[in-house]
Amino acid sequence: MKEVGIYIHLPFCKRKCDYCDFLTLPFDADQAETYNKALLSEIELWTSNNELMLKTLYFGGGSPSLYQPRFLEKLIDRLAFSSQFQVEELTLEANPWEITCENLRDWKELGVNRLSIGIQTAPTEVLNNVGRKNPVDLLRRLGFAREAFDNVNFDFILGLPGESRETFENNIKLIERFLPEHISYYILDTDHDTPLMRRVLTGKIELPSVDLITELHEHLIKTLEEKGYNRYEISSWSREGYQCIHNKNYWENGEYVGLGISAGGHFNRFRYVNTTSFSEYVKAMNVGHFAREYEHQNNDLEELFETLFMGLRLVEGVRISRFQVNESLLEKVVERIEKSLEGFVIVDNERIKLNDRGLDLSKVVFERLMGIKEEIEDVFTS
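None of these values were measured; they are calculated from a predicted model.

(A) Structural view of empty space enclosed by the protein. Enumeration over the complete set of coordinates arrives at one cavity of 30 Å³ or more. Here the largest cavity is characterised by a volume of approximately 30 Å³. Where the lining of the largest cavity is concerned, the elements lending two or more residues are helix 1 (29–49) and strand 11 (256–259). Broken down by element, the residue count for the lining of the largest cavity peaks at three residues, all from helix 1. When its residues are assigned to classes, the lining of the largest cavity shows seven nonpolar, one polar and no charged.

(B) Region of the structure containing the side chain of T275. Here T275 shows up in the loop between strand 13 (270–274) and helix 10 (278–286). On the accessibility criterion, T275 (5% relative accessible area) is buried. In terms of polar contacts, T275 uses its side chain to reach the side chain of E280, at 3.2 Å. Setting aside residues up to four positions removed in sequence, T275 forms contacts with I261, S262, E280, Y281, A291, R292 and E293.

(C) How the structure looks around the UniProt feature "domain: Radical SAM core" (unreviewed entry) in the chain. What UniProt calls "domain: Radical SAM core" (unreviewed entry) maps, in this numbering, to residues 1–230. Across residues 1–230, the secondary structure splits into 43% helix and 24% strand, with the terminal C-alpha atoms separated by 33 Å.

(D) Structural context of the environment of K283. Mapped onto the elements of the fold, K283 is located in helix 10. Judged by its relative accessible area of 64%, K283 falls in the exposed class. In the structure, K283 is positioned 245 residues away from A38 in sequence and 8.5 Å away in space, judged by C-alpha atoms.

(E) Region of the structure containing the sheet that holds strand 15 (residues 318–319). Taken together, three strands build an open sheet; the order of strands is 15-17-16 and the sheet is antiparallel. Each having just a single partner strand, strand 15 and strand 16 (345–347) make up the two edges of the open sheet. Alignment of strand 15 against strand 17 (residues 351–354), held across two bridges, turns out to be antiparallel. Its bridge partner being in strand 17, V318 is matched across the sheet by I352.

(F) Region of the structure containing helix 12 (residues 327–340). Under the 1.5 Å per step criterion, the end-to-end length of helix 12 is 20 Å for 14 residues, consistent within 8% with the ideal 20 Å. Those residues of helix 12 not exposed but buried are L329, L330, V333, V334, I337 and S340. Looking down the long axis of helix 12, one finds its buried residues gathered within 130° of arc, a one-sided arrangement. Residues E327, S328, E331, E335 and K339 are exposed on helix 12 and point more than 90 degrees away from its buried face.

(G) Representation of the packing of aromatic side chains. The tally for this structure, following the rule as stated, stands at 19 aromatic pairs. Centroid distance Y35 to Y281: 5.7 Å. Interplanar angle 45°. Geometry classified as tilted. Taken together, the positions of Y35 in helix 1 and Y281 in helix 10 put the pair 246 residues apart, joining distant regions of the chain. Given a relative accessible area of 0%, Y281 falls into the buried group. Three or more aromatic residues link up through ring pairs in this structure, and these residues are F12, F27, Y35, Y67, F71, F278 and Y281. Sitting over the face of the ring of Y272, R292 holds its NZ or CZ atom 4.6 Å from the ring centroid. Lying over the aromatic face of F290, R292 brings its terminal NZ or CZ to 3.9 Å of the ring centre.

How each quantity is defined
- Residues numbered from 1 in each chain as written.
- Predicted model: local features only at pLDDT ≥ 70, side-chain atom pairs only at ≥ 80, totals over all residues.
- Heavy atoms only, no water.
- 1 Å grid on protein atoms, 1.4 Å probe; cavity = no way out; pocket = protein on both sides within 12 Å on 5 of 7 lines; lining within 4 Å.
- Points joined across faces, edges and corners; volume = space filled by probe spheres on them.
- Helix = DSSP H or I, 4+ residues; strand = E, 2+ residues; numbered from the N terminus.
- Nonpolar A, V, L, I, M, F, W, Y, C, P; charged D, E, K, R; others polar.
- Buried < 20%, exposed > 50% of the residue type's maximum accessible area, 1.4 Å probe, protein only.
- Polar contact = N/O pair within 3.5 Å; in protein donor to acceptor, adjacent residues only side chain to side chain.
- Contact = heavy atoms within 4.5 Å.
- UniProt positions renumbered as here; feature names shortened; annotations may be inferred.
- Pairing = 2+ DSSP bridges.
- Expected span 1.5 Å × (residues − 1).
- Arc of directions from axis to C-beta.
- Phe/Tyr/Trp six-rings, centres within 6.5 Å; stacked < 30°, edge-to-face > 60°.
- Lys NZ or Arg CZ within 6 Å of the ring centre and 35° of its normal.

Put into structure tokens, the structure is as follows:
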């Protein structure tokens, strides 16, 4: 029996934010019901062919908090009926607009024990630049969430247009006020084709300078450490005992199953991504077939690289014993990695991990890793 994490993609949003590159759909109640039936079919496809022990369940999106609790309940019940349901951590991503006393009560009754709130940034003037708004009573809603749940994550983005030292300090004050158990603070991804980046490239709006983002990021690391948060992944901080179990399984290249459009998984070395088409997904589920856009059975080298790419996101790095290759080959591979990432990594007999510089310049690290992939392939075939 395989111990797995389950990710369920609920793509519906009231409005797509300008910086977002995730697959989302405008919210429609009828479409959501159709989608839920398709998800139930995909659960059946997985559980009828595999004995699964569920350790984590994560509802992501989109805005899963828009989803009717009765739909969530059907998904949870189907998983509980058709698998070993021993979920330690059940996360729901929530938009501040849906944080009401009624919803919080319903989510808790469903078994949700971790709430991930997408704040992104508190200052209204910054949100206005990216087509997003938070409720005027945001603080009251966050207070309700803190009272209802003892495991809460706040999600932030650093580097949105209009970011300044002042707006950044407002986010720090928000953290200090509510002291969530977990904080995800991402630097804005500028590599994807989004409405925001199209406006940046055409000169209609400017992003903060690299120097300012570097300064604020360094301040963030120092401040969160002083507040008792431990950085355990490039963009993740937690209080003792509150690391995200589900996400850590991703970063350790563990076993997980993704359900829904655009969701991906890694199971028995089988890597897949579902179709991004709503109609194709529903059609396939109606006839009892998977709807995959990509699928591949990894070999030893591919598993090694995926384990390395994911694991180096963690502050603790990657256990070298995870690389399932013979000792002489392993020695050559580690030597190549150490040489290519000199100045960014620490290598000992047990682990490869990024130093502080490597964590802060992780994009450079991963570009270098891609650059030596062919060299390591040569080691495997020599």
